[in-house]
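Residue strings, one per chain:
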Amino acid sequence: MVHSPPVRRDPRCFWILTGVFAIALLPRLVYVWQLHASGLWDYLRLDPLYYHDWAVRFSRGERTQGTYEMTPLYAWALGALFKTFGYGLLLPRLLQGRP
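The model shown is predicted, which means the values in this text are computed figures rather than measured ones. (Residues numbered from 1 in each chain as written. Predicted model: local features only at pLDDT ≥ 70, side-chain atom pairs only at ≥ 80, totals over all residues. Heavy atoms only, no water.)

Here's the deal with the side chain of Ser-59
Here comes step 1: Locating Ser-59 in the fold gives a position in helix α2 (residues 46–59).
Here comes step 2: For Ser-59, the contacting residues outside a window of four places in its chain are Gly-79, Phe-82, Lys-83 and Tyr-87. (Helix = DSSP H or I, 4+ residues; strand = E, 2+ residues; numbered from the N terminus. Contact = heavy atoms within 4.5 Å.)

Thoughts on α2
Note that an α-helix has 3.6 residues per turn; residues three or four places apart therefore point the same way.
Here comes step 1: Spanning 14 residues, α2 covers 20 Å between terminal C-alpha atoms, matching the ideal 20 Å at 1.5 Å per step.
Here comes step 2: Every buried residue of α2 is accounted for by Tyr-51, His-52, Trp-54, Ala-55, Val-56, Phe-58 and Ser-59.
Here comes step 3: Residues of α2 that are buried make contact with α3 (73–85).
Here comes step 4: Just beyond α2, the residue with positive phi is Gly-61, at close to 90°. (Expected span 1.5 Å × (residues − 1). Buried < 20%, exposed > 50% of the residue type's maximum accessible area, 1.4 Å probe, protein only.)

Observations concerning the packing of α2 against α3
Here comes step 1: Following both chains from N to C, one finds α2 and α3 inclined at 60°, their axes separated by 7 Å at the closest point. Relative to α3, the element α2 lies oblique. At the point where α2 passes α3, the crossing takes the right-handed sense. Contacts between α2 and α3 involve Tyr-51, His-52, Trp-54, Ala-55, Val-56, Phe-58 and Ser-59 on the former and, on the latter, Tyr-74, Ala-75, Trp-76, Leu-78, Gly-79, Phe-82 and Lys-83.
Here comes step 2: In the contact of α2 with α3, the residues fall into ten nonpolar, three polar and one charged. (Axes fitted to C-alpha atoms, helices over the stretch in contact; angles between N-to-C directions. Parallel < 35°, antiparallel > 145°, perpendicular 65-115°, else oblique. Left-handed = near helix turned anticlockwise from the far one by under 90°. Nonpolar A, V, L, I, M, F, W, Y, C, P; charged D, E, K, R; others polar.)

In structure tokens form, the structure reads like this:
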């Protein structure tokens, strides 16, 4: 039986990953701050409104009958977020980085 040497982790790896995370998080925070300051925070239109309403229905346990007009995976994921964390828009906007 051949044994492989133990894996040694470079301590710099943690700081590199932290930097990548911060670089990815910063534009999202700026976007959310600008959107909130613009007065358009609660204004959902077309597809975002459709998926938001659909996700709210899913989170309340309502089921739809027949075929879906649009793909339901995003609405299900959003509904799970709403059921777990409430109906606010902050968390979905931070996670997806767009309206």
